[in-house]
Amino acid sequence: QEPSSSLNLIFIVAIFAIFYFFMIRPQNKKRKQIMAMREGLKKGDQVITTGGIHGKVVEVKETTIVLQIDASTKIKLDKSSVSLDATTKLSEEGAK
């Protein structure tokens, strides 16, 4: 019965390792990339919010940004609502 319990322990450790490398680690990496993108926002960047609003950053503060949607419409948003930097995405697509 001794070999059976050690095999069970090895199997459980292997399951945790698989979960870590295929689920937890990639999520943490993506979260860090998004945080870095949000911290690196600057005036003139084209962004897309989590609600699907496309606009241009006209002002950046510590936790908020002001987004210009068209010539006369500006909205103030929390940085956490920005999901994608369209400026970077467009330049990457152009390079392909």
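Residues numbered from 1 in each chain as written. Predicted model: local features only at pLDDT ≥ 70, side-chain atom pairs only at ≥ 80, totals over all residues. Heavy atoms only, no water.

1. Description of the sheet that holds strand E5 (residues 82-85)
Move 1: If you walk across this open sheet you meet the five strands as E4-E3-E2-E1-E5, and the pairing is antiparallel. Every interior strand has two partners, whereas the edge strands, strand E4 (73-78) and E5, have only one. Pairs of neighbouring strands in the sheet enclose a mean axial angle of 45 degrees, with direction left out of account.
Move 2: With six bridges connecting them, strand E3 (residues 64-70) and E4 associate as antiparallel partners. Bridge pairing links Gln 68 to Lys 74 in E4. (Pairing = 2+ DSSP bridges. Helix = DSSP H or I, 4+ residues; strand = E, 2+ residues; numbered from the N terminus. Axes fitted to C-alpha atoms, helices over the stretch in contact; angles between N-to-C directions.)

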